[in-house]
Number of protein chains: 2
Amino acid sequence: MPLNIVSPTPPDIVIAQSVECRPITEIAAKLGLENDDYEPHGHQKAKVKLSVRDKLAHVPDGKYIVVAGITPTPLGEGKSTTTVGLCQAMGAHLGKRVVTCVRQPSQGPTFGIKGGAAGGGYSQVIPMEEFNLHMTGDIHAITAATNLLAAAIDVRIFHEATQSDDALFNRLCPPDRDGGRHFAPVMLRRLAKLGITKTDPNELTPEERGKFVRLDIDPDSITWRRVMDTNDRFLRGITIGQGPAEKGMTRQTGFDIAVASEIMAILAVTTSLRDMRERLGRIVVGSSRAGVPVTADDLGVGGALTVLMKDAIMPTLMQTLEQTPVLVHAGPFANIATGNSSIVADQIALKLAGPEGYVVTEAGFGSDIGAEKFCNIKCRYSGLSPDCMVIVATVRALKMHGGGPPVVAGKPLDHAYKTENLELVRAGCCNLARHIANAKKFGVPVVVAVNRFATDTDAELEVVRQEALAAGAEDAVVAQHHGLGGAGAVDLARAVIAACEKPASFGFLYPLDIPLKDKIESIARNIYGAGSVEYSPEAEAALEQYSRQGFDDLPVCMAKTQYSFSNDPAAKGAPSGFAFKVREVRVAAGAGWLIAVCGDMMMIPGLPTRPAFYEIDIDPDTGRVLGLS
Amino acid sequence: MPLNIVSPTPPDIVIAQSVECRPITEIAAKLGLENDDYEPHGHQKAKVKLSVRDKLAHVPDGKYIVVAGITPTPLGEGKSTTTVGLCQAMGAHLGKRVVTCVRQPSQGPTFGIKGGAAGGGYSQVIPMEEFNLHMTGDIHAITAATNLLAAAIDVRIFHEATQSDDALFNRLCPPDRDGGRHFAPVMLRRLAKLGITKTDPNELTPEERGKFVRLDIDPDSITWRRVMDTNDRFLRGITIGQGPAEKGMTRQTGFDIAVASEIMAILAVTTSLRDMRERLGRIVVGSSRAGVPVTADDLGVGGALTVLMKDAIMPTLMQTLEQTPVLVHAGPFANIATGNSSIVADQIALKLAGPEGYVVTEAGFGSDIGAEKFCNIKCRYSGLSPDCMVIVATVRALKMHGGGPPVVAGKPLDHAYKTENLELVRAGCCNLARHIANAKKFGVPVVVAVNRFATDTDAELEVVRQEALAAGAEDAVVAQHHGLGGAGAVDLARAVIAACEKPASFGFLYPLDIPLKDKIESIARNIYGAGSVEYSPEAEAALEQYSRQGFDDLPVCMAKTQYSFSNDPAAKGAPSGFAFKVREVRVAAGAGWLIAVCGDMMMIPGLPTRPAFYEIDIDPDTGRVLGLS
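The structure presented is a predicted model; accordingly, all values stated were derived computationally and were not measured.

K.L.:
Lay out the interface of chain A and chain B with the relevant residues and their values.
P.N.:
Tallying the contact residues gives 85 residues for chain A and 85 residues for chain B. Between chain A and chain B lies a buried interface of about 7400 Å² when both sides are counted; carbon and sulfur atoms form 63% of it. At the junction of chain A and chain B, the tally comes to 12 salt bridges. Taking the shortest distance from any N to any O, the salt bridge between R226(A) and D232(B) comes out at 2.6 Å. Here chain A is connected to chain B by 46 residue pairs in polar contact (both at pLDDT 80 or more).

What follows is the structure in structure tokens.
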């Protein structure tokens, strides 16, 4: 069913609702999925079971393509749209077997400023309402799990503060009807951590009982925050425990947006239900007063978290506007987490694509953010390696990097961005060149996709192409998938297919067995172009603490601005030699990395005076969603 | 497929997982549902479209049976179990067409003390894990909608405090590309409320602009609270806005459990997508400083709330252990809201059951709580009327009402409850008699279901039967559906079928056009047995304010303890002549009632020292949920 292209391009929701969505059973059948391989969620979405991957273990993987971008403007450069358009071209125009892997967007921004994230124009995942709203409930499950763990922390502190060791023990291991006591299985994990091998509660010495029942959490050490998938800025900093029954045990804390939860990060890197159970149990929420990390399993809640997440571990099958298959799964923020969709989605997709097929997965922001974490973290945990990296560039962003005036969301674009200016474009290509060089440091062939806007001139586009080739890209292709769908990205698709045939020699940037600071410096110097790294005293102390606690063999997830290679969002182009600052270091023991916070990270966005929700409504006669953008 | 009954009765989850769940498509087909009539959610759940009701408008309704209970102990008397068992008897043993309508349980208590709510023993809704956890995401949608509205309130106050009228206007109605401005459709609702009929923003006078852009919400008047489906007691009382960017605009507020949200109440009483859109828009969140109610539509968010709730409006089809159909929908708390499942579920069920069929719906707690609200509120909004009321009684609870020692959750039962004591039982039947009399005040025939426990003696059960008949019940039948499934409730089912043939003369207890205090007194005197009603000064003031604001034509939803007819949970039996106290009055303008708060209501439960989550885990090999109770 070819797209019925209209010009000028109508609003995204108009296009999305104008195309008839095929039954998801049909999309699944084309992929070779059988009825038992998935669970339908409505007629247009289905959750794909992980058993599919194992069933197809004998099938060689498809080619693995990761889409990243240059350093973006706040308006975004169309990376998701390019990901979708490239797949529409491969699948609907070149007859290739292709699966798209994208992140589930947070629902918060959908009602705030940003709008949806299903692609755009004639390159979209549909139904876009489903994609942008609840989808199949994965983020809701993350919210529920994150908040259950938070509730478990505060209530445990409360109960420990108000009860004796004996009372706690009697409640944690109450006598059975026959007077015996038993440990819940999860308690055996805590006992093992304490070095206690007894399995009968009655055999614990008073001292062992005390150790067992008292987590003795230091309230000031708690790093676990509650979450909500809503842009609610008034929850950034709150005081809890002010109800009369909580006896004055107040504590300052706050909410993050749901996708910032470590549980979202875990969903993105887990490889099986068993692995997820272990990761959730290992989550460190803070320390005891003696400095021992306190985990979800210490709180007895690792199993329950897994039960809450058991359906979320299945990726959601949807479709593009040209009926090619899409797996939507996980959505960790790129600036604070890995910014990549899930390992299991990619693994399933590679099996479904098969040796003649292609999987296109997206990494958030630039090579310094999503792609770096894709290579150093995601691929390390998945065992996969990419055959090609696509870097999406726009003339608009390159002009900004070349010295153009600031680009601000919600404000009109400066004249410089609407008329030909070859000098700005050429000067800005230093940013593109750095991203190409970064990709090549991982040993991956690069194709540059120039996402063409209406105001771009042929001469400007040619500058980008030439500079990209000069910087070492295998190819650089202008694409018009936003206005034309897959037909606008056929040349790009051909270039990507060709690049996948080139030899790749993928490797990580750093090994895990070097000191934490060396890992950070490796990223900062090689990828960001920093001359040195400076640590705040808090960061120094945390690095020292986490090394002592045995977390020094983890990779490092950098939390930095997406708007510059450096700490300074205003430093455009390709800055180098700067002192890169690390403000804070945290552990995400469940996800499996340390987080180096390198700037002020917005953990829960706010709503503007006129949020996007003003235009959103429903047609009560048809049930059709209106005004979603 | 007959049940394979084992004695003693295994844990609920063991029974639930031992029965093979039929594909939901099969259950749907038996009901006459076509593929387009529902949306599958996995292979064992489906959301049924409201269009089914309209398509079957020509089919006469089935018989309508509501299940209530006597005043319960904290352990519960098996009302849900009886509801399910009765339907298994009707459908699987007597060959009747029957649909069960039950509430979706809150996920919070599942991990806390209470455990699940899918029935029990051999009378359960399955899969019980699905029923007790996310189900099809309705409560998550309610959480998201409730919190979006909350975020909209605080951020609006913030933006109004930091911007001039002109700045607000320019942001709310920004200039289009051609310099014109437009109102979002939802803004026309606010303009209509202000008596402004202009549709071009540029034509507003400065005074009209000021009125339009300034809701001028009085922070102290805000009644809208955030929600979470987690037992997190530390969120009962909190201070928000303490992040540095919120400029010191802190406010004291708190979270309720999600099912306590007015949006849950709206889901329970709405009759269509259009009706839900209007109800959500009408929600009153507080007042302006001038005393004008501020609504969700004033905040511009009524449409977005509806979009978040568009799938939640569809009831979820599941099945019992004996493969009879169940519609699960909505779950407002009975002590603070209506405590009944949804109107649309009942309406759909009555059409699917048809003139020869039966619909059994459950009302929370006793005739003074769920059943009173079923009759006075739910039936008023649905236009339906019950053919029979089942009142579930237990010997245990009656002994308590007869003067037995207190029954406390988590503590061993007193000897009195385990051995025959006819005097206690007979004395306690005053409570049962009051509930029977209450039902008859609504003109509904009553059948008493005595839910038999292992320790009950035949003589005790016979006392209950005799007292029930003496109090005016059509019949009173001992049932053993917990241990025997539908086979244990066949006699009960026959009695209910017979009672449905009796003439019913259903009527409301009070008309809507009387003063609010008269409505409250009607309920307190006729149903609770109060001698008088006393109002706190706050309640007096609120009643006066809401009357002035035009809410005096609404019914009243009483928020009172379920443990006594009076305000005092310790006053067992059938107290009378007491002064009934109303502490606080609130409006639920979207749901369509005033709430009279008559005691300390727990709006978000806490977690005990050893929450239920300690036993909950997953078998990583099979994905099977363990330890859910």
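K.L.:
Any chance you could break down the pattern of salt bridges for me, citing the residues and the numbers?
P.N.:
One pass over the full model with this rule turns up 94 salt bridges over all chains. With a shortest N-O distance of 3.1 Å, R189(A) and D297(A) are connected by a salt bridge. One end of the pair, R189(A), is in helix α9 (residues 185-193); the other, D297(A), is in the loop between β12 (293-295) and α13 (302-309), and 108 residues separate them in sequence. For D297(A), a relative accessible area of 8% corresponds to the buried category. Among the charged side chains, a network of salt bridges with common partners joins R189(A), R277(A), E278(A), D297(A) and D617(B).

K.L.:
Explain the packing of helix α7 (residues 138-162) of chain B against helix α13 (residues 302-309) of chain B to me, and be specific about the residues and the numbers.
P.N.:
Residue and element names in this part refer to chain B. Axis separation between α7 and α13 bottoms out at 9 Å; the angle between their running directions is 165°. Comparing the axis directions of α7 and α13 gives the class roughly antiparallel. Every pair of crossing elements has a handedness; the one defined by α7 and α13 is right-handed. Contact residues: α7 offers A141, I142, A144, A145, L148 and L149, while α13 offers A304, L305, L308 and M309. Grouping the amino acids of the contact of α7 with α13 by side-chain chemistry returns 10 nonpolar, no polar and no charged.

K.L.:
Summarise the domain arrangement of chain A; cite the residues concerned and give the values.
P.N.:
Residue and element names in this part refer to chain A. As assigned here, chain A comprises domain 1 (12-136 + 311-500), domain 2 (139-309) and domain 3 (516-598). Each of domain 2 and domain 3 has a C-alpha centre, and the two are 28 Å apart. Facing 12 residues of domain 2, the contacting portion of domain 3 comprises 10 residues. Taking both sides of the interface into account, the surface hidden between domain 2 and domain 3 amounts to around 780 Å²; carbon and sulfur atoms contribute 57%. There are zero salt bridges connecting domain 2 and domain 3. In this assembly, domain 2 and domain 3 are joined by six residue pairs in polar contact (both at pLDDT 80 or more). Of all the secondary structure elements, the ones that give two or more residues to the side of domain 2 that touches domain 3 are α11 (262-269), α12 (273-282) and β11 (284-287).

K.L.:
Give me the lowdown on the side chain of H329(A), citing residues and values where you can.
P.N.:
Residue and element names in this part refer to chain A. The topology assignment puts H329 in the loop between β14 (325-328) and α14 (343-353). Judged by its relative accessible area of 0%, H329 is buried. At a separation of 2.7 Å, a polar atom in the side chain of H329 contacts the side chain of S342.

K.L.:
Break down unusual backbone geometry for me, citing the residues and quoting the values.
P.N.:
A cis amide bond links I126(A) to the next residue, P127(A), at an omega of -10°. As for its placement among the helices and strands, P127(A) is situated in the loop between β6 (123-126) and α6 (128-132). Positioned with a positive phi, F365(A) is a non-glycine residue whose angle comes to about 60°. Checked against the element boundaries, F365(A) lands in strand β15 (residues 358-366). Located in the positive-phi region is D216(B), a residue other than glycine, with phi close to 50°. The topology assignment puts D216(B) in the loop between α10 (206-213) and β7 (226-228). When its relative accessible area of 34% is taken as the criterion, D216(B) is described as partly exposed.

K.L.:
I'd like to hear about the relation of the copies chain A and chain B, residue by residue, with values.
P.N.:
With an RMSD of 0.1 Å, the operation that places chain A on chain B is a rotation of 180° combined with a shift of 0.0 Å along the axis. Read as a symmetry element, the transformation amounts to a two-fold axis. Across chain A, the rotation axis passes nearest the C-alpha of H41(A), at a separation of 2.1 Å.

K.L.:
Residue-level account of empty space enclosed by the protein, with values.
P.N.:
The tally for this structure, following the rule as stated, stands at nine cavities of 30 Å³ or more. Empty space within the largest cavity amounts to approximately 180 Å³. Surrounding the largest cavity, 18 residues form its lining, H140(A), T143(A), H140(B), T143(B) and N147(B) being those nearest its centre. Secondary-structure elements contributing two or more residues to the lining of the largest cavity are α7 (138-162) and β7 (226-228) of chain A together with α7 and β7 of chain B.

K.L.:
Tell me about the sheet that holds strand β20 (residues 556-559) of chain B, and name the residues and values.
P.N.:
Residue and element names in this part refer to chain B. Taking strand neighbours across the sheet as the criterion, the three strands line up as β20-β23-β22 in an open arrangement whose pairing is mixed. Each edge of the open sheet is held by one strand with a lone partner, namely β20 and β22 (584-588). Recorded for the sheet is a direction-independent mean angle of 25° between the axes of neighbouring strands. The pairing of β20 with strand β23 (residues 593-597) spans four bridges and is classified as parallel. Bridged to M558 within β23 is A596.

K.L.:
Mind laying out the packing of aromatic side chains, listing which residues take part and the relevant values?
P.N.:
Counted by the stated rule, this structure contains 15 aromatic pairs over all chains. Pairing Y64(A) with F374(A) gives two aromatic rings, centres 5.6 Å apart and planes at 50°, and the pair type is tilted. Of this pair, Y64(A) sits in strand β3 (residues 63-69) while F374(A) sits in helix α15 (residues 370-382), placing them 310 residues apart in sequence. With a relative accessible area of 0%, F374(A) lands in the buried category. Ring plane angle 0° and centroid distance 5.4 Å describe the contact between F255(A) and F255(B), whose orientation is recorded as stacked. Separated into two different chains, F255(A) in strand β10 (residues 255-257) and F255(B) in strand β10 (residues 255-257) make up a pair that spans both. The pair formed by F255(A) and F255(B) is uniform in burial state, with each residue classed as buried. Seen from the ring of F158(B), R233(A) lies directly overhead, with NZ or CZ sitting 4.0 Å from the centre. Of note, R434(B) hangs over the ring of F565(B), and the distance from its end group to the ring centre comes to 4.7 Å.

K.L.:
With reference to specific residues and values, describe helix α22 (residues 537-548) of chain B.
P.N.:
Along an α-helix, residues three or four apart share an orientation, since each turn contains 3.6 residues. With 12 residues, α22(B) ought to run about 16 Å at 1.5 Å a step, and its terminal C-alpha atoms sit 17 Å apart, in line with that. Phi turns positive, to about 90°, at G550(B), one or two residues after α22(B).

About the cut-offs
- Residues numbered from 1 in each chain as written.
- Chains lettered and ligands numbered in written order.
- Predicted model: local features only at pLDDT ≥ 70, side-chain atom pairs only at ≥ 80, totals over all residues.
- Heavy atoms only, no water.
- Contact = heavy atoms within 4.5 Å.
- Buried area = accessible area lost by both parts, 1.4 Å probe.
- Salt bridge = Lys/Arg side-chain N within 4 Å of Asp/Glu carboxyl O.
- Polar contact = N/O pair within 3.5 Å; in protein donor to acceptor, adjacent residues only side chain to side chain.
- Helix = DSSP H or I, 4+ residues; strand = E, 2+ residues; numbered from the N terminus.
- Buried < 20%, exposed > 50% of the residue type's maximum accessible area, 1.4 Å probe, protein only.
- Axes fitted to C-alpha atoms, helices over the stretch in contact; angles between N-to-C directions.
- Parallel < 35°, antiparallel > 145°, perpendicular 65-115°, else oblique.
- Left-handed = near helix turned anticlockwise from the far one by under 90°.
- Nonpolar A, V, L, I, M, F, W, Y, C, P; charged D, E, K, R; others polar.
- Domains from an automatic or database assignment.
- Least-squares fit on C-alpha atoms with pLDDT ≥ 70 in both.
- 1 Å grid on protein atoms, 1.4 Å probe; cavity = no way out; pocket = protein on both sides within 12 Å on 5 of 7 lines; lining within 4 Å.
- Points joined across faces, edges and corners; volume = space filled by probe spheres on them.
- Pairing = 2+ DSSP bridges.
- Phe/Tyr/Trp six-rings, centres within 6.5 Å; stacked < 30°, edge-to-face > 60°.
- Lys NZ or Arg CZ within 6 Å of the ring centre and 35° of its normal.
- Expected span 1.5 Å × (residues − 1).

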